[in-house]
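One-letter residues, chain by chain:
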Amino acid sequence: MPSLQKQKERATDIDEHSHISDHNDSSDIDAADIASPSTSTQKKKKKKSKVSKALNALRGNSEIPQELVDHVLDSVRAEGAAGSADANQENVREALEKLKIMDVVKGKAGIGGINKKDMGEHKFWGTQPVPQLATEGEGPPIEDGYIEPSKPREEVRQEAYPLPRDFEWSMLDLNDTKQNKEVYDLLSLNYVEDDDASFRFQYSSEFLQWRVALKPPGYHKEWHVGVRVSSNKKLVGFISGVPLNLRVRDHQFPVAEINYLCVHKKLRSKRLAPVLIKEVTRQVNLKGVFQAIYTAGVVVPTPVSVCRYHHRLLNVPKLIDIKFAYVPRNMTLARMIRVNKVSSAYTVPGLRQMEDRDVLQVADLFTRYMQRFNMAPVFDVDEVKHQFMSGVGTGEVGDGGPGRRVGQVTWTYVVEDPSTHKLTDFFSFYSLPSTVINSNKFPVLEAAYLFYYASETAFVDGAVESGAHKKRLEAVIGDALIVAHEANFDVFNALTLMDNVPILQDLKACSFVAFGVGDGILNFYLYNWRTAPLAGMNSEGGVPAGKGVGVVML
């Protein structure tokens, strides 16, 4: 299944230039670039690797050799990652085919994309305070901490970084309808696509209002940075930051959550992405914040964790039609539809939509639950209300279509004990549709993404060890699927983080959940902070897979 990897910008957009000087030669960029395709044909450097040498003998083959399938299958089972228990020769071969592994062997492509650069060539990131690639024999950092010390405000660069000729900076106010629409248009036409250019994230105006504009505590307008064409004021670049208190293991500190790095397609590889990163960093530093968290589908120095997308199919015929999913070789379409049928009966008594009166209890449960993960956000009561209540839309359920309010972005449900009226569980998910490129029949893929959740069963003695906690989560998330199905979502997505992995891994134990492994990878990064790797799709340092990451990045 294709996944929209959160690439933010292609790797070449942010690593081609080792340094963005204060006096860039911008003569190669002008406003006309947005009206005509780039003619840049810069060749990529090719390096021989140990892997390519080992696979030399296979280069004459068009079919994937059985010995390669056997080797991958043995490695997957040895690692014990999410989905490994269900790995077999057929689905390993199918996964290798989707990766176009024989094109990799023959030098036509790199893993995850066409001739992606070796990590060691990310020159821009080599100038930044981020963990650099470990040399052979080098282990993880002994102590957590900053890479560069914080500076007093007067020592932070006061003037904006220079832009190429014909472009100018613009601070965006997403509460302004016109400016919100400009960002929406830029992202809708130029943001993240899958590798086959079949799907593109479609961030709605309401989504941007929820995530960026509704002023979470500490909100700064200056952290929404845009680039315009000077002559006509057209918005051609954008990056945003929102404040967040983050805990990484035993350390808690303020960070900027950096997101939505986007440059107009016809201005790619023109140095705008690195200078956008540098400018938002400067703005963040001016507010006394010197750390950040961000994600990307591409690999740059250096991920602190790596998570994989899983998908639960809800509208199988549509997903097959738009080639989001395929009928397995050993299954008919009719059987695939039957296997993925969603129950109409809720299983958890006391389930209802979250209301304002629930905020304090949800905040308490959320705070305690997130202590179970190595990296997690720290929300106060106002932030909990913002995250789970500000995107519920307007009007009544059904006004925006089946199961939806008008402009609804988030769905949050709580479980109330009928005798004590105490909240024992909650779950949330959000809507992030994608444009289906070149499809008139189904122009939009309606995707739901699992957000935050919590359950009191985690704190019951022996519940985790006995499997009672997992069983409870399967029931709660199973009901989330019903809510999503009733709201006409086509697919329900989740990452291998928090407590998701046991649910995603043991598919047979909970057939009505039935998540499948996707091909999308999401890398988590920390700016100006070093720490040992965190358990994401794989276990790390004795921490089970998923439990290293408690941050959901959108």
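Rules of the game
- Residues numbered from 1 in each chain as written.
- Predicted model: local features only at pLDDT ≥ 70, side-chain atom pairs only at ≥ 80, totals over all residues.
- Heavy atoms only, no water.
- Helix = DSSP H or I, 4+ residues; strand = E, 2+ residues; numbered from the N terminus.
- Buried < 20%, exposed > 50% of the residue type's maximum accessible area, 1.4 Å probe, protein only.
- Contact = heavy atoms within 4.5 Å.
- Salt bridge = Lys/Arg side-chain N within 4 Å of Asp/Glu carboxyl O.
- Phe/Tyr/Trp six-rings, centres within 6.5 Å; stacked < 30°, edge-to-face > 60°.
- Lys NZ or Arg CZ within 6 Å of the ring centre and 35° of its normal.
- Pairing = 2+ DSSP bridges.
- Core = buried A, V, L, I, M, F, W, Y, C linked by side-chain atoms within 4.5 Å.
- 1 Å grid on protein atoms, 1.4 Å probe; cavity = no way out; pocket = protein on both sides within 12 Å on 5 of 7 lines; lining within 4 Å.
- Points joined across faces, edges and corners; volume = space filled by probe spheres on them.
- Nonpolar A, V, L, I, M, F, W, Y, C, P; charged D, E, K, R; others polar.
- Expected span 1.5 Å × (residues − 1).
- Polar contact = N/O pair within 3.5 Å; in protein donor to acceptor, adjacent residues only side chain to side chain.

Asks: Can you walk me through the overall build of the chain in this structure?
Replies: A tally of regular secondary structure across the chain gives 16 helices and 16 strands. Buried residues in the chain amount to 52% of all 554 residues. Once local pairs closer than 6 in sequence are excluded, the contacts in the chain between residues at least 24 apart make up 76%.

Asks: What should I look at first to understand the pattern of salt bridges in this one?
Replies: Two side chains bearing opposite charge may form a pair once their charged atoms approach each other closely. What the rule picks out here adds up to 17 salt bridges. Two residues, arginine 368 and aspartate 364, come together in a salt bridge whose shortest N-O distance is 3.2 Å. One end of the pair, arginine 368, and the other, aspartate 364, are both in helix 12 (residues 359-370), four residues apart, so they sit about a helical turn from each other. Aspartate 425 is the partner of arginine 472 in a salt bridge, and the nearest nitrogen-oxygen pair spans 2.6 Å. In this pair, arginine 472 is assigned in helix 15 (residues 468-486) and aspartate 425 in strand 11 (residues 423-431), connecting sequence segments 47 residues apart. Using a relative accessible area of 24% as the deciding quantity, one classes arginine 472 as partly exposed. For aspartate 425, a relative accessible area of 1% translates into the label buried. Residues joined by salt bridges that share partners form a network here, namely Asp364, Arg368, Lys422 and Glu456.

Asks: Explanation requested: the packing of aromatic side chains in the structure shown.
Replies: Two aromatic rings are characterised by how far apart their centres lie and by the angle between their planes. Within this structure, the stated rule accounts for 34 aromatic pairs. Aromatic pair phenylalanine 199 and phenylalanine 324: ring centres 5.9 Å apart, planes at 80 degrees, arrangement edge-to-face. One end of the pair, phenylalanine 199, is in strand 2 (residues 199-201); the other, phenylalanine 324, is in the loop between helix 10 (316-321) and helix 11 (333-339), with 125 residues separating them in the sequence. Residue classification places phenylalanine 199 among the buried positions, given a relative accessible area of 3%. Accessibility expressed as a relative area gives 5% for phenylalanine 324, which makes it buried. Ring geometry for tyrosine 294 against tyrosine 525: centres 5.2 Å apart, planes inclined by 10 degrees, an arrangement best described as stacked. Residue tyrosine 294 is located in strand 6 (residues 292-296), and its partner tyrosine 525 is located in strand 16 (residues 516-527); the two are separated by 231 residues in the primary sequence. In this structure, arginine 372 is placed above the aromatic ring of tyrosine 369, and the distance from its NZ or CZ to the ring centre is 4.9 Å.

Asks: Please clarify how the sheet that holds strand 13 (residues 444-445) should be interpreted in this entry.
Replies: Sheets are built from strands paired through backbone hydrogen bonds, the pairs being either parallel or antiparallel. One open sheet holds the three strands; their spatial order is 2-12-13, and the pairing between them is antiparallel. Edge positions in the sheet fall to strand 2 and strand 13, since each of these pairs with one other strand and no more. Judged from the two bridges that link them, strand 12 (residues 434-436) and strand 13 form a sheet pairing that is antiparallel. Bridging from a neighbouring strand, threonine 435 pairs with valine 444 of strand 13.

Asks: Can you help me understand the nonpolar core in this one?
Replies: One broad rule of soluble globular proteins: the nonpolar side chains tend to lie buried together. In terms of nonpolar packing, the biggest core is built from 103 residues, with Met375, Phe429, Tyr452 and Phe492 touching the most fellow members. Here the element with the most residues in this core is helix 15; it accounts for nine residues. Dropping the residues within four chain positions of it, methionine 375 is found in contact with Leu246, Arg247, Val248, Ile293, Val304, Phe524, Leu526, Leu534, Gly548, Val549, Gly550 and Val551. Ranked by size, the runner-up nonpolar core spans 32 residues in total, among them Trp125, Ile258, Leu267 and Val298.

Asks: Hey, could you run me through the layout of surface pockets in this one?
Replies: Gaps left between atoms show up when a probe the size of a water molecule is rolled over them. There is about 400 Å³ of room inside the second largest pocket. Glu148, Tyr161, Thr281, Asn285 and Tyr527 are, among the 18 residues lining the second largest pocket, the residues nearest its centre. Sort the elements by how many residues they give to the lining of the second largest pocket and helix 9 (residues 272-286) lands first, with four residues. Classifying every residue of the lining of the second largest pocket gives six nonpolar, six polar and six charged.

Asks: Would you explain helix 15 in this entry?
Replies: Since the α-helix packs 3.6 residues into each turn, any two residues three or four apart lie on the same face. Here helix 15 spans 27 Å end to end across 19 residues, near enough to the 27 Å set by a 1.5 Å rise per residue. At the C-terminal side of helix 15, asparagine 488 shows a positive phi close to 65 degrees.

Asks: Explain empty space enclosed by the protein here, please?
Replies: Under the criterion given, the structure shown has seven cavities of 30 Å³ or more. In this structure, the second largest cavity occupies an estimated 160 Å³ of space. Around the second largest cavity, the lining is made up of 17 residues, and of these Arg211, Leu244, Glu257, Phe379 and Gln387 lie nearest the centre. Looking at the lining of the second largest cavity, the elements with two or more residues in it are strand 4 (235-248), helix 13 (381-389) and strand 14 (447-455). Its residues placed into classes, the lining of the second largest cavity shows 12 nonpolar, two polar and three charged.

Asks: Is there a simple way to think about the side chain of serine 455 in this case?
Replies: Tracing the sequence through the fold places serine 455 in strand 14. Side chain to side chain, serine 455 and aspartate 425 meet in a polar contact 2.5 Å long. Sequence-distant contacts of serine 455, that is, excluding residues within four places in its chain, are made with Leu365, Tyr369, Thr424, Asp425, His469, Arg472 and Leu473.

Asks: I tried to follow the environment of serine 230 on my own but got confused; where do I start?
Replies: Relative to the elements of secondary structure, serine 230 occurs in the loop between strand 3 (224-229) and strand 4. Its relative accessible area of 27% is what places serine 230 among the partly exposed residues. In the structure, serine 230 is positioned 63 residues away from phenylalanine 167 in sequence and 5.0 Å away in space, judged by C-alpha atoms. If we ignore the near neighbours within four places in the chain, the residues touching serine 230 are Asp166, Phe167 and Glu168.

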